[in-house]
Amino acid sequence: MKDIATPTRTKEILQKYGFSFKKSLGQNFLIDPNILHRITETAELTKETGAIEIGPGIGALTEHLARKSKKVVAFEIDQRLLPILEDTLSPYDNVKIVHEDVLKADVVNIFQSEFSDLQDVMVVANLPYYVTTPIIMKLLEEKLPIKGMVVMLQKEVADRISARPGTKAYGSLSIAIQYYMEAETAFIVPKTVFMPQPNVDSAVIKLIKREKPAVEVDNEAFFFTVTRASFAQRRKTILNNLTNQLPQGKMHKEQIIQALQQADIDPSRRGESLSLAEFARLSNQLYPIFQ
Ligand code: SAM
């Protein structure tokens, strides 16, 4: 049987079920088996690995995951795809489809019941582009015991996730993700491998969970508050952003200046020039003031 992801087989399946794409659900299906090989290679799956997929669509990536890993659990929000998946994935007995919005699903519980016997579990997905960041952040913040993620998303978001300090793409999203994960862009993907073609360029990123977070902070939530505040207005200095954005920041201006000095950060610098280590020092100095 030909791969689901070949253009002819995809068209046949869509026609057979009279399926029409829902733009609002970010439905851009992959129609190039080569890209799927590259995604699964990047994820370094083995027959001992578990795979979590978000949005299997008609099963293009799912079948590659089923062939290369021990077990696949895939979350799909669109009910119309369930009978199609049952048909296209019938040759594989190691796939479980969960009909749920991944943002509402109890992923921790599902993880425990499906993957407790497996050492390594990877999230591998061609993400729906309207919710890429909330999905990645949910999986990170719930501290799902995964090894990492290999996901396709908009190139612009991939650039922001893997950006280094001092670059235009570097911001609070880079920090939120790099705090937990080593991040790199694995490869760029042309629009032509999708049906229908999206309006933006795409990229596959590889995120591997660090053994412990990149930096030590006294309070994680406050660390993220400080980083978000520091990038609120990119052209403003870090001092300006902190006084304007932190709760009652203006009242605490003198203390903020002191905290910056103690963290060895010039108050006239911009947020985009600070490394994770500098943000950690700064938030640890500010925490007692805003606690
Ligand atoms: N994996 C397929 C492929 O590569 O051809 C389809 C990828 S398509 C970009 C995204 C898929 O995610 C669609 O099947 C869509 O219905 C599904 N989806 C969208 N929002 C979702 C959500 N909140 N939870 C679960 N699945 C979702």
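Remember, it's a predicted structure, so these values are computed and weren't measured experimentally.

Of regular secondary structure, the protein possesses twelve helices and nine strands. Seen through its principal axes, the protein has C-alpha atoms that stretch 70 × 40 × 30 Å. A sequence separation of at least 24 residues applies to 69% of the contacts in the protein between residues at least 6 apart. Accessible surface, the protein as shown: approximately 13800 Å² in total, 48% of it carbon and sulfur.

Quick look at the sheet that holds strand β9 (residues 202–209) now. Read across the sheet, seven strands follow the order β4-β3-β2-β5-β6-β9-β7 without closing on themselves; strand pairing throughout is mixed. In this open sheet, the two edge strands, each paired with only one partner strand, are β4 (95–98) and β7 (181–189). The sheet shows a mean angle of 20 degrees between the axes of neighbouring strands, taken without regard to direction. Bridge count for strand β2 (residues 49–54) against strand β5 (residues 120–126) is four bridges, and the pairing is parallel.

What follows is about the UniProt feature "binding site: S-adenosyl-L-methionine" (unreviewed entry) in the protein. Per the UniProt record, "binding site: S-adenosyl-L-methionine" (unreviewed entry) is found at N28, L30, G55, E76, D101 and N126. Checked against the lining of the largest pocket, the annotated residues just named reduce to N28, L30, G55, E76, D101 and N126. When you line up the elements, N28 lands in the loop between α1 (7–17) and β1 (29–30). Not counting chain neighbours up to four residues away, the residues in contact with N28 comprise N126, F194, M195, P196, Q197 and P198. Following the sequence through the fold, E76 ends up in the loop between β3 (71–75) and α4 (82–88). By relative accessible area, which is 5% here, E76 ends up buried. Residues in contact with E76, not counting those within four places in the same chain, are G55, P56, G57, L81, L85, I97, V98, H99 and E100.

Moving on: the pairing of β4. Looking at chain direction, β3 and β4 are connected through four bridges and run parallel. Residue pairing for β4: V73 is matched across the bridge by K96.

In this section: α1. All buried positions along α1 are accounted for by R9, T10, I13 and L14. Seen from one end, α1 has its buried residues packed into an arc of 135 degrees, which puts them on one side. Relative to its buried face, α1 has exposed residues pointing more than 90 degrees away, namely K11, Q15 and K16. Looking at the buried side of α1, the elements it contacts are β1, α4 and β8 (194–195). One or two residues past the end of α1 sits G18, with phi positive at roughly 55 degrees.

Let us now look at the UniProt feature "domain: Ribosomal RNA adenine methylase transferase N-terminal" (unreviewed entry) in the protein. Taking the UniProt record as the reference, the feature "domain: Ribosomal RNA adenine methylase transferase N-terminal" (unreviewed entry) is found at residues 35–211. Along residues 35–211 one finds 34% helix and 27% strand; the C-alpha atoms at either end are 29 Å apart.

On to the layout of surface pockets. Within this model, the largest pocket holds a volume of roughly 360 Å³. Along the walls of the largest pocket sit 29 residues, with I54, G55, E76, N126 and P128 positioned nearest its centre. Going through the elements one at a time, β1, β2 and α3 (60–68) are the ones with two or more residues in the lining of the largest pocket. Estimated volume of the second largest pocket: approximately 260 Å³. What lines the second largest pocket is a set of 14 residues, among which K23, N28, Y129, P198 and N199 lie closest to the centre.

Thresholds, definitions, all that
Residues numbered from 1 in each chain as written. Predicted model: local features only at pLDDT ≥ 70, side-chain atom pairs only at ≥ 80, totals over all residues. Heavy atoms only, no water. Helix = DSSP H or I, 4+ residues; strand = E, 2+ residues; numbered from the N terminus. Contact = heavy atoms within 4.5 Å. Areas by Shrake-Rupley, 256 points an atom, 1.4 Å probe, with all protein chains shown as cover. Pairing = 2+ DSSP bridges. Axes fitted to C-alpha atoms, helices over the stretch in contact; angles between N-to-C directions. UniProt positions renumbered as here; feature names shortened; annotations may be inferred. 1 Å grid on protein atoms, 1.4 Å probe; cavity = no way out; pocket = protein on both sides within 12 Å on 5 of 7 lines; lining within 4 Å. Buried < 20%, exposed > 50% of the residue type's maximum accessible area, 1.4 Å probe, protein only. Arc of directions from axis to C-beta. Points joined across faces, edges and corners; volume = space filled by probe spheres on them.

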